[in-house]
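Breakdown of the fold
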Amino acid sequence: MAFNSLWFIYMPSTFTRLKNEVLKPFISHFVSVYFDDILVYRPNEEEHKQHLRQVFRVLRGQKLYAKMEKCEFLTPQLNFLGSVVSVKGIQVNPCKVKAIQT
């Protein structure tokens, strides 16, 4: 089977659009999607686990699966798109601010 070279260019955006559509009920409540990243955030550990189950159930229902070696669970803080996400919320990464000031 021959593929048009443009197919490979558009595939990531199509995949992102699919994830956005599938996870639409959760986005801005406890999920953020960016390219191949899905961020599930909640300050309460029990709620976080419930939300992870919901997200995995929906992804599994659409035959979408995560690579476990690329996953991080119950992380108190992580850098995501130039921001720091923690139990305190989403904040600008201080390293980015420092880089701009200097």
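Residues numbered from 1 in each chain as written. Predicted model: local features only at pLDDT ≥ 70, side-chain atom pairs only at ≥ 80, totals over all residues. Heavy atoms only, no water.

Here we look at the side chain of K19
For K19, the position within the fold is in helix α1 (residues 5–22). Contacts of K19, omitting those with residues within four sequence positions, involve V33, F35, D36, D37 and I38. (Helix = DSSP H or I, 4+ residues; strand = E, 2+ residues; numbered from the N terminus. Contact = heavy atoms within 4.5 Å.)

Structural notes on the layout of surface pockets
For the largest pocket, the calculated volume is near 1,200 Å³. Lining the largest pocket are 38 residues, with I38, L39, V40, C71 and E72 positioned closest to its centre. Mapped by element, the contributors of at least two residues to the lining of the largest pocket are α1, β2 (37–40), α2 (45–61), β3 (77–80), β4 (83–86) and β5 (89–92). Considering every element that reaches the lining of the largest pocket, the biggest residue donor is α2, with six residues. Partitioning the lining of the largest pocket into residue classes produces 22 nonpolar, seven polar and nine charged. (1 Å grid on protein atoms, 1.4 Å probe; cavity = no way out; pocket = protein on both sides within 12 Å on 5 of 7 lines; lining within 4 Å. Points joined across faces, edges and corners; volume = space filled by probe spheres on them. Nonpolar A, V, L, I, M, F, W, Y, C, P; charged D, E, K, R; others polar.)

Let's talk about the sheet that holds β3
Taken in spatial order, the three strands of this open sheet run β3-β4-β5, and their pairing is antiparallel. Strand pairing shows two members of the sheet lacking a second neighbour, β3 and β5, which therefore form its edges. When the angles between neighbouring strand axes are averaged without regard to direction, this sheet yields 25 degrees. Pairing analysis gives four bridges linking β3 to β4, with the strands arranged antiparallel. Counted as the bridge partner of Q77 is S86 from β4. (Pairing = 2+ DSSP bridges. Axes fitted to C-alpha atoms, helices over the stretch in contact; angles between N-to-C directions.)

A word on the packing of aromatic side chains
Under the counting rule described, the total for this entry stands at two aromatic pairs. Measuring from ring centre to ring centre gives 5.0 Å for F26 and F30, while their planes differ by 35 degrees; the resulting arrangement is tilted. Ring geometry for F56 and F73: centres 6.1 Å apart, planes at 65 degrees, overall edge-to-face. Of this pair, F56 sits in helix α2 while F73 is found in the loop between α2 and β3, placing the two residues 17 residues apart along the sequence. (Phe/Tyr/Trp six-rings, centres within 6.5 Å; stacked < 30°, edge-to-face > 60°.)

Brief notes about the pattern of salt bridges
Using the criterion set out here, one finds two salt bridges in the structure. Put simply, R42 and E47 hold a salt bridge, and the shortest N to O gap is 3.0 Å. For E45, the salt bridge identified is with K49, shortest N-O distance 3.3 Å. Of the two residues, E45 and K49 both sit in helix α2, four residues apart, roughly one turn of that helix. (Salt bridge = Lys/Arg side-chain N within 4 Å of Asp/Glu carboxyl O.)

Examining the environment of R17
Its place among the elements puts R17 in helix α1. Taking the C-alpha atoms as reference, R17 lies 9.7 Å from Y34; in sequence the two are 17 residues apart.

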